[in-house]
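Chains, contacts and geometry: an overview
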Amino acid sequence: MTYRAVIVGAGIAGLAAALRLYRIGWEPVVIERAPARRSGGYAVAFFGRGYDAAERMGVLPALRDRHFGAVDMIYKKADGRHRFTVPHRAVQALLGDRGLTLMRGDVEEALYEAVEGKVAIRFGTTLTAVKQNQDSVCVELDDGTVLDADLLVGADGLHSTVRKLVFGPEEGFRRDLGHVVAAMRLDHLPDGARERAFTTVTRVGHIFMIANLGPGRTAAFFTYGVVDPAAELAKGPRRALTEAYRDVTWAAPDLIRGMSADSVYFDSVSQIVADRWSDGRVVLLGDAAWCVTLFAGYGSSLAVGGAELLGTALLRHPDDVPAALREWEAELRPEAEERQAMGRRNTGSHAPANRLDLLKRDLPLRLAALPPVTRWMRKHLRLH
Ligand SMILES: Cc1cc2nc3c(=O)[nH]c(=O)nc-3n(C[C@H](O)[C@H](O)[C@H](O)COP(=O)(O)OP(=O)(O)OC[C@H]3O[C@@H](n4cnc5c(N)ncnc54)[C@H](O)[C@@H]3O)c2cc1C
């Protein structure tokens, strides 16, 4: 008997689930709202559960090919003057042997290539209704198609429609961390930013970073504290960033002026706190379920690791999907909650709220090359 799954979302969580389910003999169909692949993004650290899962799923070589090696982390003042550098050897020691520095799009691309031609992906489609009974789940799509499946996976991100349709409105689950983030790919390396480096300007409450992982792989990202994320988002990225970064004279003004609003990821930094991730034959995965946020630096890793574990649980209980989903959640939840807690704690170190927080963040970074400090930071940041 072949089991069928509908997976909503062709991001990292959805593609990893598609690969894992295909490998265990299921027949997944992926529904993606965007008209084509969304391979853009920012730099991510990939390690821990995600690294182990990628290895078992056979995508590690493709990820390693895209890994550029550790990069220098350069810290600048708002006018571009140098403050200090964490050398790439120290960054590699922090990340360890089983950690990669990648663009978000690299992870998406490696997973996409692994499922291409094997799993049906329907772009430009979304779902409008979900019904389920003991034996199956029925998903209605916006083109009028109805799909019957054994499992529905909601891997449709922070603003998940599956979650809304099956579990309830987003407001009941979303916890804003009082920050917004803007991220974009760049087609050039701004003057004063170095190749193979993360170049960061930190002002109280604000971070601006340019990440370069080799030729053609440059991204910028901004994150800053706000009182009312919804009001900030309503301004649109250009106005919001112009106002928030008016004190940063290095690189940011040109980037903000030159950006096109539709190529910018601009959203609130929010976690999803749900007391259960499944309902019968419907399960949430990745940011739709837990969204640990960029402050945890573990969302891609947990999405891939969670997808692989989902396949393991379904293998153990092929004829009892709800039981498999409960077992999966029991195993994964402690780690997801720990990473969420870390994301909340790290809010201050990513965009320090005051000068004392800034000093507290900078001190270990300045000393990161010293082995005892490296060990402390690896433990503190759970980089293993
Ligand atoms: C700036 C930044 C830095 C980050 N850094 C790191 C890091 O260092 N390490 C790390 O591990 N993680 C990091 N993350 C987090 C990481 O990118 C995500 O957690 C990870 O990609 C998992 O996302 P996802 O697949 O669950 O959701 P998404 O990437 O949001 O994908 C959801 C997909 O579903 C589609 N979709 C949405 N709604 C619908 C619908 N109704 N119908 C059909 N399709 C739909 C979307 O178009 C999208 O393709 C970072 C995130 C940000 C923003």
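Residues numbered from 1 in each chain as written. Predicted model: local features only at pLDDT ≥ 70, side-chain atom pairs only at ≥ 80, totals over all residues. Heavy atoms only, no water.

**Quick word on the sheet that holds strand β8 (residues 127–132)**
Operational definition: Paired strands are those between which DSSP finds at least two bridges. We count a stretch as a helix when DSSP gives it H or I for four or more residues in a row; a strand needs E for two or more, and each element gets its number in order from the N terminus. For helices, the fitted axis covers only the stretch in contact; all axes are lines through C-alpha atoms, and the angles between them, taken along N-to-C directions, range from 0 to 180 degrees.
Here we have three strands laid out as an open sheet, ordered β8-β9-β10, and antiparallel in their pairing. Two strands lie at the open edges of the sheet, namely β8 and β10 (146–149), each paired on one side alone. On average, each strand axis in the sheet is inclined to that of its neighbour by 20 degrees, with strand direction left out of account. Of the strand pairs in this sheet, β8 and strand β9 (residues 137–141) are connected by five bridges, and their pairing is antiparallel. Pairing of A129 across the sheet is with E140, part of β9.

**With respect to the packing of helix α4 (residues 88–95) against helix α13 (residues 371–380)**
This is how the line gets drawn: For classification purposes, angles smaller than 35 degrees are called roughly parallel, those larger than 145 roughly antiparallel, those between 65 and 115 roughly perpendicular, and all remaining angles oblique. Here a crossing is called left-handed whenever its near helix is offset anticlockwise from the far helix by less than a right angle, and right-handed whenever the offset is clockwise. Here a residue-residue contact requires only that any non-hydrogen atoms of the pair lie within 4.5 Å. Each residue receives one of three labels: charged for Asp, Glu, Lys and Arg, nonpolar for Ala, Val, Leu, Ile, Met, Phe, Trp, Tyr, Cys and Pro, and polar for the others, Gly being one of them.
At a minimum axis separation of 9 Å, α4 and α13 run at an interaxial angle of 45 degrees. One way to sum up the angle between α4 and α13 is to call them oblique. Here α4 and α13 pass one another in a crossing that is right-handed. On the side of α4, the interface is formed by A93, L94 and L95, while α13 contributes T374, M377 and R378. In terms of residue class, the contact of α4 with α13 is built from four nonpolar, one polar and one charged.

**Quick look at the site of the ligand**
Definition in use: Put simply, a residue is near a molecule or strand once any heavy atom of it comes within 4 Å of that molecule or strand. Under the rule applied, a polar contact is a pair of N or O atoms within 3.5 Å (in protein, one hydrogen donor and one hydrogen acceptor; residues adjacent in sequence only if both atoms are side-chain atoms). Here, Shrake-Rupley sampling with a 1.4 Å probe gives the accessible areas, and only protein chains in the shown set may cover a residue. Start and end points for every domain follow an automatic or database-based domain assignment.
Taken together, 32 residues are adjacent to the ligand, and E32, T126, T161, D287 and S300 come closest. R38 has a polar side-chain atom sitting 2.9 Å from an oxygen atom of the ligand. Taking S300, its main chain carries an N or O atom lying 2.7 Å from an oxygen atom of the ligand. Considered on its own, the ligand offers 1000 Å² of accessible surface; in the complex 92% of this is hidden by protein. Broken down by element, the shell around the ligand gets its largest block of residues, four residues, from helix α10 (residues 299–316). Among the residues making up the shell around the ligand, the classes are represented as 15 nonpolar, 11 polar and six charged. Counting only domains with at least three residues in the shell around the ligand, you end up with domain 1 (4–68 + 102–173 + 272–347) and domain 2 (176–270 + 350–380).

**A word on the sheet that holds strand β16 (residues 265–272)**
With mixed pairing, the seven strands of this open sheet are ordered in space as β5-β4-β13-β14-β15-β12-β16. Strands at the two margins of the open sheet, each flanked by one partner only, are β5 (82–86) and β16. Going across the sheet, the axis of each strand differs from the next one's by a mean of 20 degrees, ignoring polarity. Bridge count for strand β12 (residues 174–186) against β16 is seven bridges, and the pairing is antiparallel. Bridge pairing in β16 places A182 opposite F266. Seen against the sheet, helix α8 (residues 237–244) touches β12, β14 (206–212), β15 (218–225) and β16 and runs at an angle of roughly 70 degrees to β15. Helix α12 (residues 355–366) rests against β4 (72–76), β5, β13 (197–203) and β14 of the sheet, and its axis sits at about 50 degrees to β5.

**Some remarks on the packing of aromatic side chains**
Spelled out, the test is: Pairing of aromatic rings covers Phe, Tyr and Trp, the last counted by its six-membered ring, and requires centre-to-centre distances within 6.5 Å; plane angles under 30 degrees mean stacked, over 60 mean edge-to-face, and any other angle means tilted. When accessible area is computed with a 1.4 Å probe and restricted to protein chains, residues below 20% of their type maximum are described as buried, those above 50% as exposed, and intermediate ones as partly exposed. By the criterion adopted, a ring carries a charge over it if an Arg CZ or a Lys NZ lies within 6 Å of its centre and within 35 degrees of its normal.
If you walk through the whole model with that rule in mind, you get 11 aromatic pairs. A centroid spacing of 5.5 Å and a plane angle of 85 degrees characterise the contact between Y224 and Y245, whose relative ring orientation is edge-to-face. Taken together, the positions of Y224 in strand β15 and Y245 in the loop between α8 and α9 (252–258) put the pair 21 residues apart, joining distant regions of the chain. Each member of the pair, Y224 as well as Y245, is classed as buried. Taken together through their ring pairs, the aromatic side chains of F208, F222, Y224, Y245 and W250 make up a single cluster. One cation-aromatic arrangement involves R37 over Y112; the distance from NZ or CZ to the ring centre is 4.1 Å.

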